[in-house]
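A closer look at the structure
Each chain, letter by letter, is given below.
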Amino acid sequence: MTMRTAIGLVGTGLLAAFSALVAYAQDSSEPGGNLRFEGYPGAPEIQVVSRIDELFFYPCDECHATMEPNPDIRELDTFHDSEIDHGKGRIWCHSCHQLEDPNNLITLLDEPVGIDDAHIVCGGCHANREKDWYFGAHGKRLVNWQGERTVYNCTHCHNPHSPAIEPRAPKPAPPVRAGLEREPGAEHEHTPIWESHEVDDEP
Amino acid sequence: MSKAGDKFDQARRNFLRGIGLGTAAAVAQPAWGGQTFQDALADFFQKDYRRMSKEEIDEALGRIERRVKAQYDVDIDCQNTPPQENVVYGYAINISRCIGCRYCVHACVKENNLGRDSQVQYIRVLELDQGNFNLEQSDHYYDPEKVPVEGKHYLPVQCMQCDDPPCVKACPVEATWMEPDGIVVVDYDWCIGCRYCMAACPYWARHFNWTTPELPAKEINTNCHYLGNRPRPRGVVEKCHFCIHRVRKGQQPACMEACPTGARIFGNLLDPDSEIRYVLANKQVFRLKEDLGTEPKFWYFSD
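We now turn to the structure provided with this report. (Residues numbered from 1 in each chain as written. Chains lettered and ligands numbered in written order. Predicted model: local features only at pLDDT ≥ 70, side-chain atom pairs only at ≥ 80, totals over all residues. Heavy atoms only, no water.)

Quick look at the overall build of chain B now. Within chain B, the secondary structure is distributed over nine helices and 14 strands. Within chain B, the proportion of its 303 residues that are buried is 52%. When contacts within chain B are restricted to residue pairs at least 6 apart in sequence, those whose partners lie at least 24 apart make up 65%. For chain B, the accessible area works out to roughly 14,200 Å², and carbon and sulfur atoms hold 52% of it. (Helix = DSSP H or I, 4+ residues; strand = E, 2+ residues; numbered from the N terminus. Buried < 20%, exposed > 50% of the residue type's maximum accessible area, 1.4 Å probe, protein only. Contact = heavy atoms within 4.5 Å. Areas by Shrake-Rupley, 256 points an atom, 1.4 Å probe, with all protein chains shown as cover.)

Have a look at this one:
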């Protein structure tokens, strides 16, 4: 390697490092610039089913446009329930909803995201679940196993204000084989044999 | 066999065929067990699925459609969708997500034209005490008001589509085999109903039709496959086939589609980017009765 190429290489390297630094400084100067989470490398492409049409109160600013944003934790006397069964008392409305523009959600980094990108907000705390969801080990895929992946968003199955899945009635149990009857216990409760059979007391 | 023997065999076949065709022509139209005499006769001489030519299979499909039409007055579309290249199916169930609601069981009954009164159901959901994995202490007749019940967990069991299936080895007439895409199928027209396969299966996944399956004509699923969900006769063994009529066209199995919690994950084991491969690589998976060496393509995991 000649001296000239060596200097050239070092120079190029320095220049590249400098420009990267400038780019970083620019990014971090404007909030939300390049910080937004764009998914995991290698994760397959997914189509997320929109839920906006199913929301009764959406768009939020139909009411909230005329209201002053109020960050205080308080008893709500309007349509919304102030009991949030999520986060064990750690979170309040604007932990997830953007205070200034209530049509949006907000991440932990104060970036606004749309209602249909709720998984970005959920993933802020539930990162492991979110990763599983991106790769298909959590959540529900629709229609096909092959081809384009269409999945439900987190909030499709989990009510974000009370995310535990509600118990539901099971479908009917399988029939017992013809000619047989169910014994009164999977718990194996039998009457003692000396009670169910007549015992001849006389010797 | 010697050449003379061959000749004799051929002559015998021609003779039998002659008799068959002659009788068929003679008895032409009147219904014969719900079928025309020709169809009944052709059914009788129908070969094993794997030995039929494409034309013969097409004729058999036509006969199946006509039989269902005569029996139920329903037009089904019985197909013979071939396996896809480079696809082997695998299934995984997240038992942390399963709530025991049996939606899968009943979606399967409808999808696969299972008899409504018979005891045949391909999926059994076992209820176990939390921390207990003794299958002998499980209960599949549980019927509480709401599931999941506190302190219980649920384990859906169906055909594991073993890669080394003991049922296939047990069949004396080779009416059951593993397809190239890994699905263990049954030729219901070749099955003699001996139930050896049921005895060989360690998962209680095979079921015998003691009676003719009772299907409400309105609820018959008309999207059928020869090796899958076409209406079956009495006296044959059947089992889960991963909804062969759906998955070979890229659709999900009916149980997966019905699952309200997304506990069921299905896909191609040969595709490194598939969900099932992600689960196998990143979750603690196990299989039922793994020590038997049947290599099920059906995994369970919890997270």
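What follows concerns the interface of chain A and chain B. On the side of chain B, 47 residues touch chain A, which itself brings 31 residues to the contact. Taken together, the two surfaces of chain A and chain B that pack against each other cover about 3,600 Å², and 53% of this comes from carbon and sulfur. Broken down residue by residue, the surface that chain A buries against chain B is led by W145, R168 and K171 of chain A, which jointly contribute 22%. Scanning the region where chain A abuts chain B turns up four salt bridges. (Buried area = accessible area lost by both parts, 1.4 Å probe. Salt bridge = Lys/Arg side-chain N within 4 Å of Asp/Glu carboxyl O.)

A cluster of acidic side chains, namely E75, D77, D81, E83, D85 and E166 of chain A, defines a negative patch on the protein surface. When you line up the elements, E75 of chain A lands in the loop between helix 2 (61-64) and helix 3 (93-96). (Patch = residues over 30% accessible without salt bridge, like charges linked within 9 Å, V, L, I, M, F, W, Y side chains within 5 Å. Lys, Arg positive; Asp, Glu negative; His and termini not counted. Charge placed at Lys NZ, Arg CZ, Asp CG, Glu CD.)

What follows deals with a nonpolar patch on the surface. Together, F56, F57 and F79 of chain A make up a nonpolar patch on the protein surface, roughly 430 Å² of accessible area in all. With respect to the helices and strands, the residue F56 of chain A is situated in the loop between strand 1 (46-48) and helix 2.

Residues and elements named next belong to chain B. Under the defined criterion, the tally for this structure stands at zero disulfides over all chains. For C162, which is in no disulfide, the shortest distance to another cysteine sulfur is to C159 and amounts to 6.4 Å. In this model C255 remains outside any disulfide bridge; the closest cysteine sulfur is found in C243, 6.0 Å from its own. (Disulfide = S-S within 2.5 Å.)

Scanning the model with the defined rule gives 28 salt bridges over all chains in all. The salt bridge involving E275 of chain B is made with R149 of chain A; its shortest N-O contact spans 3.6 Å. Placement of the pair is E275 of chain B in helix 9 (residues 275-282) and R149 of chain A in strand 4 (residues 149-151), with the two residues belonging to separate chains. With respect to class, E275 of chain B is no different from R149 of chain A; both count as buried.

It is worth spelling out helix 3 (residues 54-72) of chain B at this point. All names here are of chain B. Under the 1.5 Å per step criterion, the end-to-end length of helix 3 is 27 Å for 19 residues, consistent within 8% with the ideal 27 Å. For helix 3, the full list of buried residues reads I57, A60, L61, G62, R63, I64, R67, V68 and Y72. On its buried face, helix 3 is in contact with strand 2 (35-36), helix 2 (37-44) and strand 3 (77-79). The first or second residue beyond helix 3 is D73, which carries a positive phi of 60°. (Expected span 1.5 Å × (residues − 1).)

This part covers the packing of helix 4 (residues 118-125) of chain A against helix 5 (residues 127-135) of chain A. Residue and element names in this part refer to chain A. Helix 5 packs onto helix 4 with a crossing angle of 135° between their chain directions and a minimal axis gap of 6 Å. When the axes of helix 4 and helix 5 are compared, the pair comes out oblique. Counted together, H119, I120, G123 and C125 of helix 4 and A127, E130, W133 and Y134 of helix 5 form the full contact between these two elements. Taken together, the residues that form the contact of helix 4 with helix 5 break down as five nonpolar, two polar and one charged. (Axes fitted to C-alpha atoms, helices over the stretch in contact; angles between N-to-C directions. Parallel < 35°, antiparallel > 145°, perpendicular 65-115°, else oblique. Nonpolar A, V, L, I, M, F, W, Y, C, P; charged D, E, K, R; others polar.)

The omega angle of the peptide bond from Y58 of chain A to P59 of chain A is -5°, so this bond is cis rather than trans. A positive phi angle, close to 65°, is found at R102 of chain B, a residue other than glycine. Counting through the fold element by element, R102 of chain B comes out in the loop between strand 4 (89-94) and helix 4 (103-111).

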